[in-house]
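Single-letter residue listing:
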Amino acid sequence: MASATRRPLMAGNWKMNCNHLEANLLVQKLAASLTEKQLTDVETVVLPPFTDLRTVQTAVDGDKLLIGYGGQDLSPHASGAYTGDISGPMLAKLGCTYVTIGHSERRAYHHEDDAIVNAKVKAALTHGLTPILCVGEGLDVRENGTHVAHCSDQLDGALKGLTAEQVAKVVVAYEPVWAIGTGRTATPEDAQEVCGAVRQRLAESFGQDTADKVRVLYGGSVKSSNVAAIMAQPDVDGALVGGASLDAEEFAKICRFPEHITR
Ligand SMILES: O=C[C@H](O)COP(=O)(O)O
């Protein structure tokens, strides 16, 4: 498993699933399935649709649940005439601490490029939110064997102009697009290869101290049956979980991964 100085992070990206009533049930069930110790050992976060955030905030605050939450995207702007967008200050006011940026589904369906991803990372940091910056290659790139260079380029683009101090606050999620929602999981070695390369690139650009602080997650068909092997890799500090995070008991099992790691 990753360094003892980096607290493992399991983030459930609900994508466009769950209305606010379902969100309330899911977050309550998740909290009830984990002990205080488990929630302390492994940081557990949910990333619901915007329309659920107020409900999740009420549940978390009302019952003092040890669960974090955040948005799935944010505008690079703080306010203004940007119909349909949600700003960093709006998320922060709802108690969000995280926001995913540059998810492959945003890059594919909303044509987000490295420049917009970079602007969003800066906006998140400005408003006190931790960006979960997603990078990852498609199948064509993987088959060419240029996946490491591809992810390093995405990382460089997303972090352009940031100080080492800012970068230390970022979470990076490596999500190979060919493993998302397909049931085809990258092997633990595949995950380590790119997560290790991400840390190496961070060290070259921002120094080893900074690289050692950044948490690097793996995402793509993570389940309770494969999470322990992935988490056993030295540069994997957690997971960004899609489909499996919609089932409270399954996501709770994923968060209990330390119990399945044999040392
Ligand atoms: O953000 C999460 C990822 O896209 C992974 O989704 P998945 O676990 O359904 O494959």
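Predicted, not measured: the structure shown is a model, and the values here were computed from it. (Residues numbered from 1 in each chain as written. Predicted model: local features only at pLDDT ≥ 70, side-chain atom pairs only at ≥ 80, totals over all residues. Heavy atoms only, no water.)

Remarks on the sheet that holds strand β2 (residues 43-47)
Item 1. Here eight strands make up a closed barrel; going around it, the order is β1-β2-β3-β4-β5-β6-β7-β8 and the pairing parallel. Averaged over neighbouring strand pairs, the angle between their axes works out to 25° when direction is ignored. (Pairing = 2+ DSSP bridges. Helix = DSSP H or I, 4+ residues; strand = E, 2+ residues; numbered from the N terminus. Axes fitted to C-alpha atoms, helices over the stretch in contact; angles between N-to-C directions.)

So, the UniProt feature "binding site: substrate" (unreviewed entry) in the chain
Item 1. Those places that UniProt annotates as "binding site: substrate" (unreviewed entry) correspond, in this numbering, to N13, W14, K15, G181, S221, G242 and G243. Spatially, the listed residues are clustered: although they cover 231 residues, their C-alpha atoms lie within 13.8 Å of one another.
Item 2. With residues up to four places along the chain from it excluded, the contact list for W14 reads A23, L26, V46, L47, P48, P49, D52, Q72, S245 and L246.
Item 3. Note on placement: S221 falls in the loop between β7 (215-219) and α12 (227-231).
Item 4. Non-local contacts of S221, meaning those with residues more than four positions away in its chain, are made with A179, G181, T182, G183, R184, T185 and N226. (UniProt positions renumbered as here; feature names shortened; annotations may be inferred. Contact = heavy atoms within 4.5 Å.)

Topic: the nonpolar core
Item 1. Judged by nonpolar contacts, the single largest core of 70 residues is most densely connected at M10, L133, L159, L202 and Y218.
Item 2. The element best represented in this core is helix α10 (residues 188-206), accounting for seven residues.
Item 3. When neighbours within four sequence positions are excluded, M10 is seen to be in contact with V42, E43, T44, V45, V227, M231, G238, A239, F251, I254, C255 and F257.
Item 4. Of all hydrophobic cores here, the second largest spans 11 residues; its members include A11, V45, Y98 and L217. (Core = buried A, V, L, I, M, F, W, Y, C linked by side-chain atoms within 4.5 Å. Buried < 20%, exposed > 50% of the residue type's maximum accessible area, 1.4 Å probe, protein only.)

Quick look at the site of the ligand
Item 1. Close to the ligand lie 13 residues; K15, H103, G181, S221 and G243 are nearest.
Item 2. At 2.8 Å from an oxygen atom of the ligand is found a main-chain nitrogen or oxygen belonging to G243.
Item 3. Notes on the ligand: free accessible area 310 Å², of which the protein chains cover 95%.
Item 4. Per-class residue counts for the shell around the ligand are four nonpolar, seven polar and two charged. (Near = heavy atom within 4 Å. Polar contact = N/O pair within 3.5 Å; in protein donor to acceptor, adjacent residues only side chain to side chain. Areas by Shrake-Rupley, 256 points an atom, 1.4 Å probe, with all protein chains shown as cover. Nonpolar A, V, L, I, M, F, W, Y, C, P; charged D, E, K, R; others polar.)

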